[in-house]
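# Results of the structural survey
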Amino acid sequence: MEYIFIIAGVLLIVLTIAAGLIWVERRLLALWQDRYGPNRVGPFGLFQVLADMIKIFFKEDWIPPFADKAVFVIAPGILMISILLTFAIIPFTDSFFVLDSNIGLLFFLGNSSLGVYSIVLGGWASNNKYSLLGSIRASAQMLTYEVFMGLSLMGVVMMSDSFNLREIVEAQRGMWFVFPQFIGFVVFLIAGVAETHRTPFDIPEAEGELVAGYHSEYSGMKFGMFFVGEYLGVTLISTLIVTLFFGGWLGPSFLPPAFWFFFKTAFFICFFVLLRASLPRPRYDQLMDFGWKILLPLVLLNILVTGAIILYLQ
Amino acid sequence: MEVAMVKIQIDGTIYEVKPGKNLLETCLSLGFDIPYFCFHPSLGSVGACRLCAVKKYANSNDKTGRIVMSCMEPAVDGLIISVKDPEVKAFRASILESLMANHPHDCPVCDEGGECHLQDMTVMTGHNYRRFDFKKRTHKNQNLGPFIHHEMNRCIQCYRCVRFYRDYAGGKDLNVFGSANNVYFGRHEEGTLESEFSGNLAEICPTGVFTDKTLKKHFTRKWDLTNAPSICVHCSVGCNTIASERYGSLRRVVNRYNGDVNGYLLCDRGRFGYEFVNSTKRIKNPQLRQSKESALEVKEVSEIIPKLSEALKSKNIVGFGSPRASLEANFALSKLVGAENFYHGISDKEYHFTKLCLQILTSGAVHSPSLKEVEKANAIFILGEDVTNTAPMLALAIRQATRNKSIEKAEKIGIPKWNDAAVRELAQNIHSPLFIASPYFTKLDELAETTYRATSEDIARLGFAVASYISNDAPSVDNLNIDIQNQAKRIADALKQSKNPLIVIGVQGNEDIAHATANIALALKSIDKKPSLSIALPESNSMGLGIMEGKPFGELKIENDTTLVILENDLYRRVEKSLVDNLLEKCQNIIVLDQLMNETSSKADILIPTGTFAESEGTLVNNEGRAQRYYNVYPAIEPIRESWRWIAELIRIQGKPEGNSWQKFDDVVNSMVVSYPIFSKIKEYLPNADFRMFNEKISRQTMRFSGRTAMNANISVHEQKPPQDADSPLAFSMEGYQGVPPSSLTPFHWAPGWNSNQAANKYMVEPNGELKGGNPGIRLIENTTDQQQSYYKNIPQPFKPRNEGLFIVPVHQIFGSEELSSNGEALSSRIPEPFIKINLKEATRYSIRSNDTVHLTVENIDVLVKVEIDASIPDGVAGLSFNLPGMPFISLPKIGVIKKS
Amino acid sequence: MFSILRSIWLTFLHAFHKRETVGYPEKKPYLPPRYRGRIVLTRDSEGNERCVACNLCAAACPVDCISLQATEDENGRRYPEFFRINFSRCIFCGLCEEACPTYAIQLTPDFELGEYDRQSMVYEKEHLLISGEGKYHGYNFYKNAGVDMGVKAKGEGENEEPTVDLKSLLK
């Protein structure tokens, strides 16, 4: 029973945050662009999210006649589910989590790979050249960045000697992994942005070239699922960064651990928005170049050095 | 006739051109834009305005050259000129600047603005900034009647108006006054312009001194009009017009150039008669009479269908066609009622006269000339017709033809035809021989060598005599007095000597005159002449209806349960009232399709609203036998429909197959061609609705058409798609082909830099020449095989004045004798009161004076008329104004009795 | 690499900049008199309509949203019988004002033209005509034109000589 409450609690919190991010992002972007952002609906425009939700629920949910219907409907669901599932292994505090799995990190990596299906299928089912191009780009980009996303975490795993996220956090009681694993952190951050295809890595939905990429043909709540999925992804990556590199819920004890966890997560979410506000989008080939030619050698080197140091210290 | 081409060099390029033209015409036909004012293709050149300057070089070594006026310079072999030399351009600009010195700041309120030759020329010469800083000379205006508005300040003294009005059209009451900088063009005192062609001043004047007063009442700029190529429906000549609409009402009619018919000009009836389309008398809804006693009530279309269906079930359906309805509408009616029940709906006299004329024209003895050919005639004999009032443009063409002798004389001494002032100076009073035989004075009399005043019988006798003097085979006339014999001899001589003899008869004549004419033609042919015969028929499609099979009124038999279908026809103008009353009373159902309320339509049981020439398309055959088509200017607004469409609906109700197969106009044409192979040329020649220019329909609106998104916004802000036109290759929008379309589909004249109607030049091979791709219309009666020809021998007895009563002859009026135009607002103000013309001797006999109102009784019909004393009327004869509004129809000529009231 | 970090930093610093956005409608921005907003028809100094229904504005309008019909009063003075602007089509380009030879049609700084019903965006003459002269004072077209339409007699306008006496021999 308690288990169900926790799951429900996690889902509620996560979805609320993801929805709330819509407002947060728009306000923050406006802040950094010397504007106001949504400020008309409710205090500080807070109810904008509600208004948007009402709008999106009542929009015509149109399925193009030329689309592959079944796949078209399933695709956005896969994205939502794969991301939401991953939240199961996040330890929000030492006692508040869904699943204390000893292969937590692998579970995350596996799930994030599943997310690609959603985009590939969505783009394919739309039966539209822009959607297809978008999804091809997305799959290439995600597969590429997944390689060294996984590798970038190997340093953390080596140092904590575990795939269990709770144990990884515990292992940081002495020192946050961000310091010894700075390269791993940077690469994970970049890969995380690419994984959620946020600006500057939003090449799959580059609106200047591909209308809206893989979700061009989506409308109504199906589009909404892609949209919310993106924010869920941002939240997920932020929580993971916090968990893996910034000591999770750990922090001075005058505030509860949950606060620290959320505080750190919020910081990274804001950082994601800041990236969007400040960086232009690279070209597709630049993106692949950067991944394969710089990041991959870098993480391999990181693993090598980390391993060497660990061996030396033993 | 092929002429050797000459080579001239313009700005270094060598062109092969036709000799005999002036340089301005030549350059214009080559596509050069040379500005000009005083020149007009139909008026020739006088070299007054100095604007058309070009530089002429003595030879290829001459680098300086000298400025000459291109309109006064013949295009001769080896000529070297420049049209874009900077000095010439500066010269033109300075001339224009001087012309503009006194021109007022009027363009925004000037009706010419947007289609102003002066504006075009100003832009063309590049004069764009006013440097003349002094005060402008001003003039007072005159009220010139209901047709023409006068605004003298705008004048640039090009003299085109008086040259047209006086020299070309023979008007007397417009002239030039004053001198130097004070030259004034107007009448000696205010008053209505008398000429039948005064409307042309609006187009001839290169600026806004003379503008269309009927347009002024609902003024619209040229660029805002929706236009369609149209044919004038007010007489049988079939002048080509451009009719224009804005906001659902017809705004004006202007000339559409047709080198074979009307050239650059129109008569006032044709130009201003259009107002009937906007008349309050228009029938806009179906009307129904529940029982014979009740009144007509406005109904929905669906409400009249049951009654129609009942009426059309009758075994006896009789249809009356109309000479003012299109071929297609008449044909559709004959299909509805069956050919054996189709009546022409004209008086028997007119029926037989038309049929006889057609027989003469198709006999092969005589050629039916176009107006262009009329202008080339060099001996003319008019029998019994006042052409100025029944076919004004024909009269104008005859007027030009009388100049041929002087033009020949001038050409003999090396003055080309276009050198207008010189030719006229040389001519003085030389005219080609013109002979007029008519019961009363006609305006052409002033040009006639001899005139003969007599009734139809005597005129016919003169004609027979002329024939007998040309050829001995023709029957001779007995008991002619010596004067008439001499006159006949003189006419015969002139016709014999002429290269292009022309005979003109018309609706005022009778069959005797037509017989005499046929004899003259046959006689001329027997001496190897090619005579032409021009016939002024009464209405726009008289000839077309004549070609169609149908019965005369006299053969009509009415059963008790007869359903009568009357197509666009006021029978009360065709036949005596008592006859029509009798007929209508006998009929069970009377279905009338018409445009205007008139005596017949007010007697209808079912009244169906049909479109005028502006709201429908159709083919008309003019007096020459030329089939021409008019197109919708704007779509008919339901329940008004084209006549043929309504009749197709009636046929559908009746259950005949045509009812369903006639969906489009072309369907009716196709059916018609099957029934009347003579009309197959129409189908071949006139483009059908599928015709496209570069895959586009031809646009009825100019590129600059304004207000599309606002004009209907008061009704609904949601814009409707423009109406589609399935019946013609024209589009009701500005989208479509805007260049030079086939000549019969020209909706307006416009070319870059040429906004006035003089852009017509760009549509022609050469100014005043043929339109590109040939002139519009197709001649139906041509190259007929020679039938058996023999002289008519039924010479009538001479006219003898009666002791009791006067012999009444019809006097047609340009304004009033035609039904449709009489309903126009401006034109109706020019209609005279019903009048009778008698000479002083007869007036004294009846002791009446000028302007007295008297009763005239002709066969029980009594009419109140005003007396006019006219010395030209022979004894025992009186002329009665014919079919003016408010007058009962009287079949003339007949004996009538005058009673003082 | 450095430039990327610098961009991020500079963007972050914008958090402390003043906002450019003006809080319309609580705060109304200043608009210059020649701002191109709602179109009006003005009157001359004598209070008569300036519009002479010349149709030039309609011709100049690139979206064809002006439609009018000319008519005349008893003196022959031209004025529009109706004058309609479909503001739902208007792009406020100001070409009509430039085309107007009489200063009749003018654009004003009023841009608040929102309506719930599109039909209300169709303005007729009674909605367009104001009582004043607008931006340009003192001009009266009919005093400068050659026509006599009840404003001045022939030859009495600005820049005009008295009418020519045709019966005189002295000129």
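Residues numbered from 1 in each chain as written. Chains lettered and ligands numbered in written order. Predicted model: local features only at pLDDT ≥ 70, side-chain atom pairs only at ≥ 80, totals over all residues. Heavy atoms only, no water.

### A short note on the interface of chain B and chain C
The interface of chain B with chain C comprises 49 residues on the first partner and 46 residues on the second. With both chains or domains summed, chain B and chain C bury close to 3700 Å², and 47% of this area falls on carbon and sulfur atoms. Counting the surface chain B buries against chain C, the share from its top three residues, Val-109, Thr-138 and Val-717 of chain B, is 17%. On inspection of chain B and its partner chain C, the count reaches six salt bridges. When the shortest N-O distance is used, the salt bridge between Glu-151 of chain B and Lys-154 of chain C registers 2.3 Å. Applying the counting criterion to the chain B and chain C interface returns 33 residue pairs in polar contact (both at pLDDT 80 or more). As paired strands, strand β6 (residues 136-138) of chain B and strand β6 (residues 160-163) of chain C are joined by two bridges and run parallel to one another. The residue bridging Lys-136 of chain B from the neighbouring strand is Glu-160 of chain C, located in β6 of chain C. (Contact = heavy atoms within 4.5 Å. Buried area = accessible area lost by both parts, 1.4 Å probe. Salt bridge = Lys/Arg side-chain N within 4 Å of Asp/Glu carboxyl O. Polar contact = N/O pair within 3.5 Å; in protein donor to acceptor, adjacent residues only side chain to side chain. Pairing = 2+ DSSP bridges. Helix = DSSP H or I, 4+ residues; strand = E, 2+ residues; numbered from the N terminus.)

### Overview of the nonpolar core
Residues and elements named next belong to chain B. Phe-164, Leu-394, Ile-398, Phe-613 and Ile-836 are the most contacted members of the largest nonpolar core, which totals 110 residues. When residues in this core are grouped by element, the largest group, seven residues, is from helix α13 (residues 392-401). Those residues within four positions of Ile-398 in sequence are excluded, and the remaining contacts are Val-374, Ile-380, Ile-382, Val-387, Leu-434, Leu-444 and Val-504. One finds Ile-459, Ala-521, Leu-567 and Phe-679 within the second-largest nonpolar core, a separate group that totals 94 residues. (Core = buried A, V, L, I, M, F, W, Y, C linked by side-chain atoms within 4.5 Å. Buried < 20%, exposed > 50% of the residue type's maximum accessible area, 1.4 Å probe, protein only.)

### Quick word on the sheet that holds strand β26 (residues 618-621) of chain B
Residue and element names in this part refer to chain B. One open sheet holds the three strands; their spatial order is β26-β27-β30, and the pairing between them is antiparallel. The open sheet has two edge strands, β26 and β30 (778-779), and neither has a second partner. Here strand β27 (residues 626-630) pairs with β30 via two bridges, running antiparallel. Paired with Ala-627 across the strands is Ile-778, a residue of β30.

### A look at the domain arrangement of chain B
All names here are of chain B. Taken domain by domain, chain B consists of domain 1 (6-100), domain 2 (110-119 + 129-278), domain 3 (280-346 + 540-686), domain 4 (351-537) and domain 5 (806-900). Once you take the C-alpha centre of each, domain 2 and domain 4 turn out to be 31 Å apart. Taken together, the contact pairs 22 residues of domain 2 with 21 residues of domain 4. If you sort the residues of domain 2 by the area they bury against domain 4, Tyr-168, Glu-196 and Phe-197 come out on top, with a joint share of 29%. Between the two partners, domain 2 and domain 4, sit four salt bridges. Arg-163 is the partner of Asp-420 in a salt bridge, and the nearest nitrogen-oxygen pair spans 3.5 Å. Inspection of the domain 2/domain 4 interface yields ten residue pairs in polar contact (both at pLDDT 80 or more). Here the side of domain 2 that touches domain 4 gets three residues from one element, more than from any other, and that element is helix α4 (residues 160-168). A per-class count over the side of domain 2 that touches domain 4 returns ten nonpolar, five polar and seven charged. (Domains from an automatic or database assignment. Nonpolar A, V, L, I, M, F, W, Y, C, P; charged D, E, K, R; others polar.)

### Quick notes on the pairing of strand β32 (residues 835-838) of chain B
Residues and elements named next belong to chain B. Neither face of β32 is left uncovered, since the one carrying Phe-835 and Lys-837 and the one carrying Ile-836 and Ile-838 both have all their residues buried. Bridge count for β32 against strand β34 (residues 861-869) is four bridges, and the pairing is parallel. Directly across from Ile-836, in β34, lies its bridge partner Val-867. Two strands pair when backbone bridges link them, and β32 and strand β35 (residues 877-881) are joined in this way by two bridges, in the antiparallel orientation. Bridge pairing in β35 places Ile-836 opposite Leu-880.

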